[in-house]
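Here is what each chain is made of, one letter per residue.
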Amino acid sequence: LKSAVAPLRDALATARDQAKAGRQALIDEAVALGAKAMDRDAPSQIKALQAKWQEQAKALSLAQRDERTLWEQFRAACDAVFTARHAKRKEEDGRKHENRRALEDVCAELERLAATPDQSDQDLRRLSRDLQERWKQQAGGFDPSRHALEARFKQARTAVDAVLSARARSREAAVWQTLAAKERLCEDLDRVV
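Note that the coordinates shown come from a computational prediction; the quantities given were computed from them, not determined experimentally. (Residues numbered from 1 in each chain as written. Predicted model: local features only at pLDDT ≥ 70, side-chain atom pairs only at ≥ 80, totals over all residues. Heavy atoms only, no water.)

Enquirer: It is not clear to me how the packing of aromatic side chains should be interpreted in this structure. Could you clarify?
Expert: When we look at a pair of aromatic rings, we describe it by the centre distance and by the angle of the planes. Considering all chains together, one arrives at four aromatic pairs under this definition. Seen from their ring centres, W53 and F74 are 4.6 Å apart, and the 15° between their planes marks the pair as stacked. Of the two residues, W53 is situated in helix 2 (residues 42–59) and F74 in helix 3 (residues 64–115); the sequence distance between them amounts to 21 residues. Residue classification places W53 among the buried residues on the basis of a relative accessible area of 1%. Overall, F74 belongs to the buried group, its relative accessible area being 1%. Ring geometry for W135 and F153: centres 4.2 Å apart, planes at 5°, overall stacked. One end of the pair, W135, is in helix 4 (residues 121–139); the other, F153, is in helix 5 (residues 147–192), and 18 residues separate them in sequence. (Phe/Tyr/Trp six-rings, centres within 6.5 Å; stacked < 30°, edge-to-face > 60°. Helix = DSSP H or I, 4+ residues; strand = E, 2+ residues; numbered from the N terminus. Buried < 20%, exposed > 50% of the residue type's maximum accessible area, 1.4 Å probe, protein only.)

Shown next, in the form of structure tokens:
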């Protein structure tokens with residue numbers, strides 16, 4: 001019986017060795033995808049590898065200890081891809097949030113600047129320019145999610161410009177009123193003379 005079953009046992013062992021090698025190749029592919037985790041098609045490639053794994057597992061099962069060991073390695077390699085993508089996305093979200101917070105701070109400072117009556121015109125212009133420069137540095141390119149924030153910035157900048165122009169008009173009006181008062185005084189003196 002042993003001699004009759006030996007060729008079958010050898011064929012089964014060879015098939016299982018080939019199955020182990022095939023699964024090890026899938027593990028190697030999954031590990032290699034870990035380096036390219038941020039590629040656009042990495043998740044679909046991992047899912048394709050998982051489908052191949054299922055096909056191979058259904059075609060020929062391995063000994064439980066071998067199957068479990070290989071599966072754990074494969075799953076760890078697949079999870080590493082998704083973990084890397086998640087970490088990168090979380091990092092980008094954190095950077096966007098910090099950038100948005102900095103832009104909101106610029107808007108708030110510009111709004112406070114427009115409401116501060118005791119600043120000189122030169123200081124207002126200088127601080128406004130500095131805040132606009134900070135905005136340009138922080139804002140970078142176009143982002144549709146910042147539309148409301150950009151509107152707030154433009155409104156605050158317009159408020160500062162309005163304060164400056166109102167001050168200029170009031171100074172100009174004061175000059176004209178002073179000239180008119182001097183003209184009236186001269187006319188009164190001419191009449192008296």
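Continuing now.
Enquirer: Explain the nonpolar core to me, please; I cannot follow it from the model alone.
Expert: Here is a general trend for soluble globular proteins: nonpolar side chains tend to be buried in one another's company. By size, the foremost hydrophobic cluster in this structure holds 16 residues, and its most contacted members are A30, I46, L49, W53, F74 and V81. Those elements giving two or more residues to this core turn out to be helix 1 (2–35), helix 2 and helix 3. Every residue in contact with I46, bar those within four places of it in the chain, is listed here: A30, L33, C78, V81 and F82. Formed by 15 residues, the second largest nonpolar core is a distinct cluster that contains L103, L110, L124 and A156. (Core = buried A, V, L, I, M, F, W, Y, C linked by side-chain atoms within 4.5 Å. Contact = heavy atoms within 4.5 Å.)

In short, the description is geometric, and any link to function would need to be established separately.
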